[in-house]
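Geometric and topological summary
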Amino acid sequence: MRETATASDTSLPLPDAPERLGASARGVAFVLSLRPRQWVKNVLVFAAPLAAGRLWDLPILLDSLVALSAFVVASAGGYLINDARDVERDRAHPSKRFRPIARGDVPVVLAFVAGIGLQVIAVAVPAVTGYGRLAICIGVYVTCTTLYSNWLKHEPVVDLALVAAGFLLRSMAGGLAAGIPLSRWFLIVAAFGSLFMVAGKRYSEIVTVGDDQGTRPSLREYSASYLRFVWSTSAGVVIAAYCLWAFEVADERAGETTAPWTSLSIAPLVLGLLKYARDVDRGHTGEPEEIVLRDKVLLALGGVWLVLFGLGVLHV
């Protein structure tokens, strides 16, 4: 066993060095360093096809699955690079110190090389297989994550924008891969919804670990009240844009006999945002997908919204 975690935290023992692990254990550690639990956020690639009511068309679904695969590979590479760069800082974090790279189970050099290789593959394969616009989207995502990891991760406000851009690009990817036009309402909701989640995560980090732990220097530049302002403003924009879209669709179909499903979907959307905001306000830190998956009420509201939204876009 190594005697200390870092110079700043001598009370946290680290596990055995990677060379003392068996081959299978090293393999498991490497897979875990790809953060498979966070791959669920890549389902956002289905957002644009779903909003257009075409996700169930087989060619569109296949294109969306290509986008999903590309983003899984690109994001996994980004996680490796990010954790390799922040290995010392992560060792001082109450939960991140258990990540394989921070624990020493995965060599930092291997993480860098594998991360870069995965990101190159994620851009190159779509580019040579006829998904040019998807390749550009992935390329922009890789550029944003590179800027974030290397230079701008601890720059206040800019760090929020770059992380939010990652969610926005995911939500655009399925539409770009399938050639589906992206409406202005979709882009507004996706952009500010992304900012809402990112600002909420930063707020919960301040509530949980404080702004002076050295694990994320940019937190020192934020106050809880400022982050509250950001995510409350973002939520307001999301609700306003979604309502305008829902009522616009309802007006277009005023002469039809279908129920106003899009208008009805406003209620679970607003309630879901309020429930998520309550979880964040209580300091339930973690990735957005973790908060959603462990909150049964939030999952139920999401399910109701999805049904109503689906009925609306399918003109049922």
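Structure: above.
I will try to describe carefully the structure that is included in this document. Bear in mind the structure is a predicted one, so any value in this text is a computation, not a measurement. (Residues numbered from 1 in each chain as written. Predicted model: local features only at pLDDT ≥ 70, side-chain atom pairs only at ≥ 80, totals over all residues. Heavy atoms only, no water.)

Examining helix H7 (residues 132–152)
Its 21 residues place the ends of H7 28 Å apart at the C-alpha level, agreeing with the 30 Å of an ideal helix rising 1.5 Å per residue. Within the span of H7, buried status applies to Leu134, Ala135, Cys137, Ile138, Tyr141, Val142, Cys144, Thr145, Tyr148 and Ser149. (Helix = DSSP H or I, 4+ residues; strand = E, 2+ residues; numbered from the N terminus. Expected span 1.5 Å × (residues − 1). Buried < 20%, exposed > 50% of the residue type's maximum accessible area, 1.4 Å probe, protein only.)

Observations concerning unusual backbone geometry
For Arg35, which is not a glycine, the phi torsion comes out positive at approximately 55°. The residue Arg35 is located in the loop between helix H1 (23–33) and helix H2 (47–51) in this model. Taking the relative accessible area as the measure of exposure, Arg35 reaches 12% and is therefore buried. Even without a glycine there, the phi angle at Val157 is positive, about 75°. Within the secondary structure layout, Val157 lies in the loop between H7 and helix H8 (158–178).

Structural notes on helix H14 (residues 296–313)
Spanning 18 residues, H14 covers 26 Å between terminal C-alpha atoms, matching the ideal 26 Å at 1.5 Å per step. Every buried residue of H14 is accounted for by Leu298, Leu301, Leu308, Phe309, Gly310, Gly312 and Val313. In this structure Asp295 caps H14, since a side-chain oxygen of it lies 3.1 Å from the backbone nitrogen of Val297. In the stretch just after H14, His315 is the one whose phi turns positive, near 60°. (Polar contact = N/O pair within 3.5 Å; in protein donor to acceptor, adjacent residues only side chain to side chain.)

Looking at the nonpolar core
Of all hydrophobic cores here, the largest spans 33 residues; its most connected members are Val45, Phe71, Leu134, Ile138, Ala173 and Trp245. Elements with a contribution of two residues or more to this core: helix H3 (58–85), H7, H8, helix H10 (224–252), helix H12 (266–281) and H14. (Core = buried A, V, L, I, M, F, W, Y, C linked by side-chain atoms within 4.5 Å.)

Focus on the environment of Leu147
Of note, Leu147 is situated in helix H7. Once the C-alpha coordinates of Leu147 and Asp159 are considered, the two residues, twelve residues apart in sequence, prove to be 9.5 Å apart. When neighbours within four sequence positions are excluded, Leu147 is seen to be in contact with Leu152, Lys153 and Leu162. (Contact = heavy atoms within 4.5 Å.)

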